[in-house]
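Descriptive structure summary
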Amino acid sequence: METMLSVKNLGKAFKDKQIIKDISFDVRKGEIMAILGPNGAGKSTTIRNIMGIMYPDAGTIDFQNSNGKDIPRNKIGYLPEERGLYKNVNVMDILLYLAELKDYPLDKAKERALSYLKKFDLEGKDKVSVEELSKGMGQKVQFIASVIHEPELLILDEPFSGLDPVSQELFKQEIRSLAEKGTAILLSSHQMNLVEEMADRLFMIHRGQKVIYGTMDDVKTQYANFKCTIHGKNAYDDLIRILGVQRVEQEDDKSILYLASDIHPASWLKQLPEQLAIQELTIDRISLHEIFIDIATDKNLLQEAGELHA
Ligand SMILES: Nc1ncnc2c1ncn2[C@@H]1O[C@H](COP(=O)(O)OP(=O)(O)OP(=O)(O)O)[C@@H](O)[C@H]1O
């Protein structure tokens, strides 16, 4: 797949504090690439360096497709983490103004703006002043502003924050559909369930450095070990002694057994002690949410994690 953005060995310090170090990834045509990490990990700093809002101390950023052709700046869309539009201007005027800054034809921009407002349940709001919008409505308008000019590369910093579940779903579908039409999308998010559902690849950053980089499938296969949830009254000591169990969490009569990475569920089930109390038993892979918490709390340790087949 054609590369649209290539970040190599990016480094940035504020005063003496190294904020990001040796960050490298690319974003390809038609894919959703998610950048994840705990608060303060360095996601926005990475995005701001890409957008030229601040200059990196090290590394290179290329907006170039694989044929060496530069992607013009007016073909990039950006939704910053800081929300805010000019207050005393009406919605359509601001959208057309921003489209014009990108050299996008105004008649087409107007058509797209009306169609997006309708899609986002904001029909009739084109003539309303921005200050009259609720926070979520404002965010929808800002999202429209980032895509009105049909960008080839779209960078979304926390697009879902502050949105209700219905609006999150609308954004999710729209982002997915833009990727299907060929837009290269880089997004940062804390909503692991959404990322898990929509991202093709992900880059996880912790304390300014890469901990995971790969396709969602690879990440799951490599990091999402199985867990077995048992409903029934069982003693912790009996569970932790079972072969392949790395960690046990208990709450009332429910126990979650976290299994080692080399465990094959079918053979593991066969060797369970007969005296176990089992009302219900399920086996699943741990979710991206759990992988994220493990990393953020240093429970499981992926510091040695290398690059997957990105
Ligand atoms: N202009 C600045 N001057 C000094 N330190 C900064 C500046 N901007 C960010 N930092 C620091 O850089 C680190 C990374 O911040 P950044 O905003 O990139 O994190 P983030 O991963 O986007 O976090 P969040 O999920 O909370 O938005 C933090 O420790 C932050 O305090």
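Every value quoted in this text rests on a predicted model; they were computed, and no experiment measured them. (Residues numbered from 1 in each chain as written. Predicted model: local features only at pLDDT ≥ 70, side-chain atom pairs only at ≥ 80, totals over all residues.)

1. Observations regarding the site of the ligand
To be explicit about the condition: By definition, a residue lies near a molecule or strand provided its backbone-derived C-beta atom is within 6 Å of it. Each residue gets one label: Ala, Val, Leu, Ile, Met, Phe, Trp, Tyr, Cys and Pro are nonpolar, Asp, Glu, Lys and Arg are charged, and the others, such as Gly, are polar.
Surrounding the ligand, one finds Phe 14, Ile 19, Gly 37, Asn 39, Gly 40, Ala 41, Gly 42, Lys 43, Ser 44 and Thr 45. Of the residues belonging to the shell around the ligand, the class tally is three nonpolar, six polar and one charged.

2. Some details on the domain arrangement of the chain
Here is the rule: Domain delimitation in this document rests on an assignment produced automatically or drawn from a domain database.
Domain parsing of the chain yields domain 1 (3-220) and domain 2 (225-285). Distance between the C-alpha centres of domain 1 and domain 2: 41 Å.

3. Considering the UniProt feature "domain: EF-hand" (unreviewed entry) in the chain
Note the threshold: UniProt positions are given in the numbering used here, feature names are shortened, and annotations may be inferred rather than shown by experiment. Note on conventions: DSSP H or I runs of at least 4 residues are helices, E runs of at least 2 residues are strands, and numbering of each starts at the N terminus.
UniProt records the feature "domain: EF-hand" (unreviewed entry) for residues 108-143 in the present numbering. End C-alpha to end C-alpha, residues 108-143 measures 17 Å, and it is 58% helix and 0% strand.

4. Considering the sheet that holds strand β5 (residues 76-79)
Just so we agree on the cut-off: Between any two strands, at least two bridges found by DSSP are needed for them to pair. Here an angle of 0 to 180 degrees is reported between the N-to-C directions of two axes, which are lines fitted to C-alpha atoms, with helices fitted over the stretch in contact. Here the contact rule is simple: place C-beta atoms from the backbone, and any two residues whose C-beta atoms are within 7 Å are in contact.
Taken in spatial order, the six strands make up an open sheet running β5-β6-β7-β3-β8-β9, and their pairing is mixed. With partners counted over all chains shown, the strands left at the sheet margins are β5 and β9 (209-215), one partner each. Ignoring which end each strand starts from, the neighbouring axes of this sheet average 15° apart. Set on the sheet, helix α1 (residues 43-50) makes contact with β3 (32-36), β6 (153-157), β7 (184-188) and β8 (201-206); between it and β6 the angle comes to about 145°.

5. So, the nonpolar core
Here is the rule: In plain words, the nonpolar core is the set of buried Ala, Val, Leu, Ile, Met, Phe, Trp, Tyr and Cys residues that C-beta atoms within 7 Å link up. Around each residue's C-beta, the other C-beta atoms within 10 Å are counted; 20 or more make the residue buried, 12 or fewer make it exposed, and counts in between make it partly exposed. All C-beta atoms are placed from the backbone.
Judged by nonpolar contacts, the single largest core of 63 residues is most densely connected at Leu 5, Ile 32, Ala 34, Leu 95, Leu 153, Ile 185 and Leu 202. Residues contacting Leu 95, with those up to four places away along its chain left out, are Ala 109, Ala 113, Ile 144, Ala 145 and Ile 148. Ile 230, Leu 239, Leu 257 and Leu 259 belong to the second largest nonpolar core, which has seven residues in total.

6. Re the pairing of strand β11 (residues 245-251)
Looking down a regular strand, the side chains alternate between one sheet face and the other. For β11 and strand β12 (residues 254-259), the ladder comprises six bridges, and the chain directions are antiparallel. Pairing of Glu 251 across the sheet is with Lys 254, part of β12. Between β11 and β12, which pair antiparallel one after the other, the connecting turn spans two residues, and Asp 252 there sits at a positive phi close to 50°.

7. Details of helix α10 (residues 288-296)
Going by this rule: Here the arc refers to the set of directions running from the helix axis out to each C-beta atom.
Burial in α10 covers these residues: Leu 288, Ile 291, Phe 292 and Ile 295. Mapping the buried residues of α10 onto a view down its axis gives an arc of 100°, with all of them on the same face. Where the residues of α10 are buried, they touch β3, α6 (192-198), β8, β9 and α7 (216-223).

8. Some thoughts on the sheet that holds β11
The strand order across the open sheet formed by four strands is β11-β12-β10-β13, and the pairing between neighbours is antiparallel. Bordering the open sheet on either side are β11 and β13 (280-285), each of which pairs with just one other strand. For this sheet, the mean angle separating the axes of adjacent strands, direction not counted, is 20°.

9. Brief notes about the environment of Lys 181
Relative to the elements of secondary structure, Lys 181 occurs in the loop between α5 (165-180) and β7. Linking Lys 181 and Ile 76, residues 105 residues apart in sequence, is a C-alpha distance of 15 Å.

10. Topic: unusual backbone geometry
Residue Glu 158 is not a glycine yet carries a positive backbone phi of 55°. Looking at the secondary structure, you find Glu 158 in the loop between β6 and α5. With phi around 50°, Arg 207 is a residue other than glycine that occupies positive phi space. Inspection of the secondary structure assignment puts Arg 207 in the loop between β8 and β9.

11. Some remarks on the packing of helix α2 (residues 91-101) against helix α3 (residues 106-119)
Put simply, the rule reads: To sort the angles, those under 35 degrees are grouped as roughly parallel, those over 145 as roughly antiparallel, those from 65 to 115 as roughly perpendicular, and the leftovers as oblique. For any helix crossing, the convention is left-handed if the near helix is rotated counterclockwise from the far helix by under a right angle, and right-handed if that rotation is clockwise.
Relative orientation of the contacting elements α2 and α3 amounts to 135°, with a least axis distance of 10 Å. One way to sum up the angle between α2 and α3 is to call them oblique. α2 and α3 meet at a crossing whose hand is right-handed. In this structure, α2 contributes Met 92, Leu 95, Leu 96, Ala 99 and Glu 100 to the contact, and α3 contributes Leu 106, Ala 109, Lys 110 and Ala 113.

12. A look at the confidence of the model for the chain
Inclusion rule: pLDDT expresses how confident the predictor is about each individual residue, on a scale running from 0 to 100.
Overall, the predicted model of the chain reaches an average pLDDT of 89, with 95% of residues at or above 70. With pLDDT under 50 throughout, residues 301-307 is counted as low confidence; its partners more than four residues away or in other chains account for eight contacts. The complex prediction reports pTM at 0.84, with the ipTM value standing at 0.94.

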